[in-house]
Each structure stands twice: as structure tokens, then as C-alpha cells.
Amino acid sequence: MPRLGAAADTTDIYTFEPELLSTAQCMGDACAICHVRWPRPRHALGALPDGSEVYGCAECAGIAAAHDAHAGEPELAAR
Ligand SMILES: [Zn+2]
């Protein structure tokens, strides 16, 4: 088996732990990251192990995307 970097096999789908989310977050009624319910989160951030999609607000979706693009860089404060 070829040797891969630790983050080399990440996929587009991030799996959330249902135990870490509220019911509203699991149902897609609240942002999976910041719990905001309004405006209703519409950006799929990932999925639960059972395949249900988990949603986030635009702001958190942007953070997640930026974090993805800069994986390994600790500069979360840059904007
Ligand atoms: Zn959010």
C-alpha cells in the first residue's frame, strides 16, 4: 500500500458525529457549527454516518471551504 500523507485521502464529504450535534443541527434546522437557525442554513457542510446531510450558514460554509483550501495552515484569523 502506498504511503500517503495524513490528509491525502480527505473527501468532499465531512462526516459529523451525531452525538456532537443537537437535534436541530441533525435535522438541518440549525447551522452545524454556530447553531444559528435564521437565516436557515442552506449550505451542505457534510453528512451524518447515516447519510443525512448537515447544513451550515453561509458564514460557516465559507470558513469550512477556506479551511479546506488552506489545510495545514494555522492562519484562521486571516480575512
Ligand atoms: Zn454557522
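Refer to the structure above for everything that follows.
Procedures and definitions
Residues numbered from 1 in each chain as written. Predicted model: local features only at pLDDT ≥ 70, side-chain atom pairs only at ≥ 80, totals over all residues. Heavy atoms only, no water. Donors = N, O, S within 2.8 Å, 3.2 Å for Na, K, Ca; no water. Tetrahedral: all angles 85-135°; square planar, octahedral: opposite > 155°, others 65-115°. Buried < 20%, exposed > 50% of the residue type's maximum accessible area, 1.4 Å probe, protein only. Salt bridge = Lys/Arg side-chain N within 4 Å of Asp/Glu carboxyl O. Helix = DSSP H or I, 4+ residues; strand = E, 2+ residues; numbered from the N terminus.

(A) Broad picture of the coordination of the zinc ion. Cys31 (SG), Cys34 (SG), Cys57 (SG) and Cys60 (SG) make up the full set of protein donors to the zinc ion, lying at 2.3 to 2.4 Å. One can describe the donor arrangement at the zinc ion as tetrahedral, given that its four donor atoms subtend angles of 102 to 118° at the metal. Mapped onto the sequence, the residues coordinating the zinc ion show the spacing C-x2-C-x22-C-x2-C. The partly exposed category is assigned to cysteine 34, whose relative accessible area is 38%.

(B) Just the pattern of salt bridges, in detail. Counted by the stated rule, this structure contains one salt bridge. Residue aspartate 29 is joined to arginine 40 by a salt bridge in which the shortest nitrogen-to-oxygen separation is 2.9 Å. With aspartate 29 in the loop between α1 (23–27) and β2 (43–47) and arginine 40 in the loop between α1 and β2, this residue pair connects regions lying 11 residues apart in the sequence. According to the relative accessible area criterion, arginine 40 is partly exposed, its value standing at 46%.

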